[in-house]
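Understanding the architecture of this molecule
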Amino acid sequence: QEDYKLWLQYAKVQDSKLATEYKSKINGIVALENSETIQVASKELQLGLSGLLDTKIEVQQNIDSENALIFGSKSSLDEDILKNLKKEFDQINDEGYIIKTIQVKSKNHILITGKTDVGVFYGVFHFLRLLQTKTSIENVNIADAPKINVRILNHWDNLNRTVERGYAGFSLWNWQKLPDFIDQRYIDYARANASIGINGTVLNNVNANALILTPQYLEKVEALANTFRPYGIKVYLTARFSAPIEIGGLKTADPYDAEVKNWWKEKTKEIYKRIPDFGGFLVKANSEGQPGPQNYGRNHVDGANMLADAVAPFGGIVMWRAFVYSEHDVDDRAKQAYSEFVPYDGQFRNNVIVQVKNGAIDFQPREPFHPMFGAMPKTPLMMEFQITQEYLGFSTHLVYLPKLFQEVLKSDTYRKGKGSTVAKVIDGSLDNHKITGIAGVANIGNDINWTGHPFAQANWYGFGRLAWNPNLDSEAIADEWLRMTFSNDENFVNPVKEMLLKSREAVVNYMTPLGLHHIMDTGHHYGPGPWVSNLSRPEWNPVYYHKADKNGIGFDRSKTGSKATTQYAPEAAKIFDDVKTCPEKDLLWFHHLSWDYKLKNGQTLWNGMALKYQEGVDEVAAMQSTWNKMGNYVDEHRFKEVQMLLNIQHKEAKWWRDACLLYFQQFSGKELPKRVEKPTQTLEYFESLKFPFAPGNN
Ligand code: BDP
């Protein structure tokens, strides 16, 4: 089925001129080595080329004819080839690659090489992408390398195969059948990840279960690690801080306790004995009920450094999450992670990297960049994006997330003057860090199409591409994804690309325009719930975030309010503090404003907000009409699926608009502007809706 194959469809090249060019340049393929990685690269090339060129390409032992596609790592190259590649090799790191037309004995060939076999493999995928996206391979000359070292998926998968915030079925990991049964899915998962340069995977939920660290499970983890290794993917696990008690029989998990330290050292040794290239641990500690060092009067540094010392002898790392907010002292939840972590700058071991969500609250449709980025120059920080759409309509709504990712990566922290972007913080270039990382909370499950919504595949793809190079443009990524996944026909690519690029703003508009946030319903986070005010912790309630009353709406985080803006560099703080310079997209994130406040377009805040909600609904209608014209370019199955999903999205966009506007209207006391459709139900009706079957909420 097409949707299982993701962006690796390898459909026959339709353009006959190009097909002729490709065939003439690829007479046969020659592997210079025989490692496991080169073998899977060779298999991928054969699969890809046989589909794209609709003919079997011979595997040759030697370069005897002209126009061979030669691939192998640097160490396998002859001196006369090598001497012409010095400049290119200088440009790339260990995971980079070179794709170049070369001459051997005055005959032309295409060479794919790199410093390591995995680099070569990435080059193979890039080469296939050229053919998948209609690019000429006449005189190719490409040298590329990843800008971030740890490019990793975080699976929030539980051992019972439910997936926290997962909307694409159950976990891929079949713990019952492992280690002996290796599902083809694991291999296809690895291929898909390798094709976009993802080189790590955390198999289990950050709300961790210590059982994963028992020998019974480690045996299964080992089998997965062995499966993924040829594809350049390292396995990581979450470490439950209380594991020494739960599975180690100790009385405490205090990081100062000698027995506890020793337990982790021994446990780590045991893991590395099975998995010599084990990546390390991801830890959620003292957050939302998870145990951590604070249970013993210690702090994040104590906890992280203990684990770091355990993995250091083996080259492992610890990814320590900064997603913390305590229930005490909540004048502003947005300030808590910064307040708790920034004072520790410089105290973490050098194999600890602090993992920070893109914004200070929690994966909202839009958040300003997290103030921690740039604020801890002596500590490497890694980005945590959420690919799964917990707050953006699950796998029912079409939202192209690379737009969101790019917006965050391009944000200027001003920490070292203008141009100190978040991308430069996480690629290590701003503060000269050796370890760099970016994590995406996976949207993958065992649904046939992997991600629930066929278009959610683009978010997995786009995450990987931006992890490789955070400066890539989300539009270019959309272009290549569409071509690889569906069709190269311009009549398809252009309108659907536009639909993708507008989709993120559409969702912001019909859910949380103008900087609103966290106004979704309780628990499952699906659908509107701006009225919710009954939860035990104040900062769990939507009313805490929008603060609507008859005087206005919005959370004042400026210097007249919670002063969260002071956590940004002065230049950024100044921009956010002043309503005149604060970007309107973030207005109600930083300011509480009267309903009559005049927006830049001259509308009052109330009218402007209502019109944004309407705009969001209209944008979804436009997406529907675009898609409805695409039947000729897409297989019937995916065409119909997307059509049905867009219909739901349209219905639910109206639900968001009507529920939010009716609710806020109680405070504004104003009529809806003419261009806004009249709600068809009452506020009471919307408040009464319940979703007992929402997935991912466990
Ligand atoms: C929130 C989710 C929750 C996660 C938590 C986290 O609602 O399920 O456990 O983040 O990131 O977004 O730890």
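The model shown is predicted, which means the values in this text are computed figures rather than measured ones. (Residues numbered from 1 in each chain as written. Predicted model: local features only at pLDDT ≥ 70, side-chain atom pairs only at ≥ 80, totals over all residues.)

Taken domain by domain, the protein chain consists of domain 1 (2-144), domain 2 (150-477) and domain 3 (509-555 + 592-688). Inter-centroid distance (C-alpha atoms) of domain 2 to domain 3 is 31 Å. At the interface, 19 residues of domain 2 touch 19 residues of domain 3. Of the residues that constitute the side of domain 2 that touches domain 3, the class distribution is nine nonpolar, five polar and five charged. (Domains from an automatic or database assignment. Contact = placed C-beta atoms within 7 Å. Nonpolar A, V, L, I, M, F, W, Y, C, P; charged D, E, K, R; others polar.)

What follows is about the site of the ligand. Contacts to the ligand come from Glu164, Arg165, Val206, Asn207, Lys284, Glu288, Phe323, Asp362, Phe363 and Glu390. The residue inventory of the shell around the ligand, partitioned by class, reads three nonpolar, one polar and six charged. (Near = placed C-beta within 6 Å.)

Between helix α2 (residues 36-52) and helix α5 (residues 117-132), the shortest axis-to-axis distance is 9 Å and the interhelical angle comes to 5°. Overall, the two elements α2 and α5 adopt an arrangement that is roughly parallel. Across from Thr37, Ile38, Val40, Ala41, Glu44, Leu45, Gly48 and Leu52 in α2, the residues of α5 making contact are Asp117, Val118, Val120, Phe121, Val124, Leu128, Leu131 and Gln132. Here the contact of α2 with α5 is composed, by residue class, of 11 nonpolar, three polar and two charged. (Axes fitted to C-alpha atoms, helices over the stretch in contact; angles between N-to-C directions. Helix = DSSP H or I, 4+ residues; strand = E, 2+ residues; numbered from the N terminus. Parallel < 35°, antiparallel > 145°, perpendicular 65-115°, else oblique.)

Looking now at the environment of Tyr4. Structurally, Tyr4 can be placed in the segment before α1 (16-25). Separated by 446 residues in sequence, Tyr4 and Trp450 have C-alpha atoms that sit 6.8 Å apart. Ignoring anything within four residues of it in the chain, the contact list for Tyr4 reads Ile448 and Asn449.

The next subject is helix α9 (residues 258-274). With 17 residues, α9 extends 25 Å from end C-alpha to end C-alpha; this agrees with the ideal 24 Å at 1.5 Å per step. Its buried side turned inward, α9 meets α7 (215-228), α8 (243-246) and α10 (300-311). (Expected span 1.5 Å × (residues − 1).)

Another aspect to go through is the sheet that holds strand β12 (residues 352-357). The strand order around the closed barrel formed by eight strands is β7-β8-β9-β10-β11-β12-β13-β14, and the pairing between neighbours is parallel. Sheet twist, expressed as the mean angle between neighbouring strand axes with direction ignored, is 25°. Pairing of strand β11 (residues 317-321) with β12 involves four bridges; the strand directions are parallel. Considered in β12, the bridge of Trp320 is made with Val354. Sheet strands touched by helix α14 (residues 457-468): β7 (150-154), β13 (381-386) and β14 (437-441). Its angle to β7, the strand with the most contacts, is close to 155°. (Pairing = 2+ DSSP bridges.)

At the junction of Leu178 and Pro179, the peptide bond is cis and its omega measures out at 5° in the coordinates. With respect to the secondary-structure elements, Pro179 resides in the loop between β7 and α6 (184-195). A positive phi angle, close to 60°, is found at Leu514, a residue other than glycine. If you trace the backbone, Leu514 turns up in the loop between α16 (490-511) and α17 (542-546). Its 23 C-beta neighbours within 10 Å are what place Leu514 among the buried residues. (Buried ≥ 20, exposed ≤ 12 C-beta atoms within 10 Å, placed from the backbone.)

Running from N to C, α9 and α10 cross one another at 40°; their axes reach a closest spacing of 8 Å. Between α9 and α10, the angle falls in the class oblique. Crossing of α9 against α10: the hand is right-handed. Contacts from Lys261, Trp264, Lys265 and Thr268 of α9 reach α10 at Met306, Leu307, Ala310 and Val311. (Left-handed = near helix turned anticlockwise from the far one by under 90°.)

Attention now goes to the pairing of strand β10 (residues 280-283). Pairing of strand β9 (residues 234-238) with β10 involves three bridges; the strand directions are parallel. Bridge pairing links Leu237 to Phe281 in β10. Inspection of the sheet shows β10 paired to β11 by four bridges, in the parallel sense. Paired with Val283 across the strands is Trp320, a residue of β11. In terms of handedness, the path from β10 via α10 over to β11 forms a crossover that is right-handed. (Right-handed = clockwise from strand over helix to strand, strands pointing away.)

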